[in-house]
There are 2 protein chains.
Amino acid sequence: MHQHLIDNISHLIRMSEEEKEWISSKFIAKQFNKGDYFLREGQICREVGFIESGLVRYVITKENGEELTTSFNKELEYTCNYESFLDHSPTKASIQCIEPSVILTISYDDLQALYTHVKEGEKFGRLACEYQYVLAIRQLGSLYKQDPEQRYLQFLETYPDLVQRLPQYYISSFVGVKPPSLSRIRKRLAK
Amino acid sequence: MHQHLIDNISHLIRMSEEEKEWISSKFIAKQFNKGDYFLREGQICREVGFIESGLVRYVITKENGEELTTSFNKELEYTCNYESFLDHSPTKASIQCIEPSVILTISYDDLQALYTHVKEGEKFGRLACEYQYVLAIRQLGSLYKQDPEQRYLQFLETYPDLVQRLPQYYISSFVGVKPPSLSRIRKRLAK
DNA sequence: CCCGTTCGTTCACCCAGGTTAATAAATCAT
DNA sequence: ATGATTTATTAACCTGGGTGAACGAACGGG
């Protein structure tokens, strides 16, 4: 039984013991090394991952080949490219492990089965999605109304544990600037 | 019976005639003049709106009081501040009507009732949320990887009908620049 | 039809971040 | 440890958008 996963779902819905077993059986643990891809650009995202341990980044690539890191997911969070997962279109983003990670994965078909087979399955799907949606909206608001310095400060506040686990250039990308600029921001703040 | 609304929901789930009647009865039509607010910053968002006719903008305010328009919703689309709606926190955004609008509204409690009372209610909630989530992710990706000129071009492509219905300074805000800058972009593109 | 207001464009100047490249610091493997 | 590689900082120069203000065009109410 994937206890962390079941605990997580328990926060959203009630499940019988049988349902817990059933759900747990549909998730398969996969090991990833640092640098491995959970999902590669151009592939079709066919599974949702629950990160048992580790850390991943969400990567999009500009036409010039430059990679941008637009979000992070760590242990006890879900990771997926929903845009591709939902309509089976090729992803325009990759998901790469920044640390060795163990990710519990459930396939598209099994997740649909979960929605129907588990009594409150649909509700779980709705609540999980609502949560992801709110996170996306917050990030959007931040990009519109905060300047890079404010976003960097907020990053430090929101993800204090990630600062030590991430190279600076992933953070600068997330914040929306290039490494030299984040250096300048840090220098300004040092005073 | 709110036919446009029911048609819209029919694309997502199956409903009996009784369910259609029941759902329809929970939505109340409200009239708004141009400039009226569907939701004001600081209020708690207690309802989801389905825009029968009209056009609204989603507005966030910077500390200096400057208003930023970050998205639009038009007829046959939903509008809501989910961040506030879901946890009953005060909104950090407003929703303002740009045109005279008729918005069908359902209260938080009635929507929760819809989820349980209608057979595929939860599924409707999940699918509607998934759709909104994907839109938010796309906008995020656009902000990260496109420059203002590309975003403006994409706006023209994605919302050709809105160009005539919106003042330039809402578009410039959505694109992420100030009006003088959008003028420069338009001038560059004119060649 | 006219006047007042709002809206879009343009100009001049400024500045934060981009770019390129060099250097320094930290990390890693052997 | 030590040398190689990766990452972070710094410097000099460039550029596109911000700012404030002026002007002209479009719009709406009376």
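The sections below set out a description of the structure shown in this document. Keep in mind the model is a prediction, meaning the values are calculated, not measured.

Quick notes on the sheet that holds strand β3 (residues 47–53) of chain A
All names here are of chain A. Strand order across the open sheet formed by four strands is β1-β8-β3-β6, with antiparallel pairing between neighbours. For this open sheet the edge positions go to β1 (28–32) and β6 (78–79), each flanked by a neighbour on one side alone. Across two bridges, the pairing between β3 and β6 is antiparallel. Counted as the bridge partner of Gly 49 is Thr 79 from β6.

Details of the relation of the copies chain B and chain A
Least-squares fitting of chain B to chain A yields an RMSD of 0.0 Å, with the transformation described by 0.0 Å of translation along the axis and a rotation of 180°. Such a turn and shift between the copies fits a two-fold axis. The rotation axis passes nearest to the C-alpha of B:Arg126 in chain B, at a distance of 2.0 Å. Both copies present the same face, since 100% of the interface residues in chain B are matched by interface residues at the equivalent positions in chain A.

As for the protein's contact with DNA strand C
Residues in contact with DNA strand C amount to 15 residues; listed here are only the nearest, A:Lys178, A:Arg184, B:Gln168, B:Tyr169 and B:Ser183. The separation between a phosphate oxygen of DNA strand C and a polar side-chain atom of B:Arg186 is 3.2 Å. The dominant element in the surface near DNA strand C, judged by the number of residues it contributes, is helix α8 (residues 179–190) of chain B, at five residues. A per-class count over the surface near DNA strand C returns six nonpolar, three polar and six charged.

Re the pattern of salt bridges
Inspection of the entire model under this criterion finds 27 salt bridges over all chains. For B:Arg138, the salt bridge goes to A:Glu83, with nearest N and O atoms at 2.8 Å. Pair noted here: B:Arg138 is in helix α5 (residues 121–145) and A:Glu83 is in helix α3 (residues 82–87), and the two residues belong to different chains. A residue is classified by how much of its surface remains accessible, and B:Arg138, at 40% relative accessible area, is partly exposed.

What counts and what doesn't
Residues numbered from 1 in each chain as written. Chains lettered and ligands numbered in written order. Predicted model: local features only at pLDDT ≥ 70, side-chain atom pairs only at ≥ 80, totals over all residues. Heavy atoms only, no water. Pairing = 2+ DSSP bridges. Helix = DSSP H or I, 4+ residues; strand = E, 2+ residues; numbered from the N terminus. Least-squares fit on C-alpha atoms with pLDDT ≥ 70 in both. Contact = heavy atoms within 4.5 Å. Near = heavy atom within 4 Å. Polar contact = N/O pair within 3.5 Å; in protein donor to acceptor, adjacent residues only side chain to side chain. Nonpolar A, V, L, I, M, F, W, Y, C, P; charged D, E, K, R; others polar. Salt bridge = Lys/Arg side-chain N within 4 Å of Asp/Glu carboxyl O. Buried < 20%, exposed > 50% of the residue type's maximum accessible area, 1.4 Å probe, protein only.

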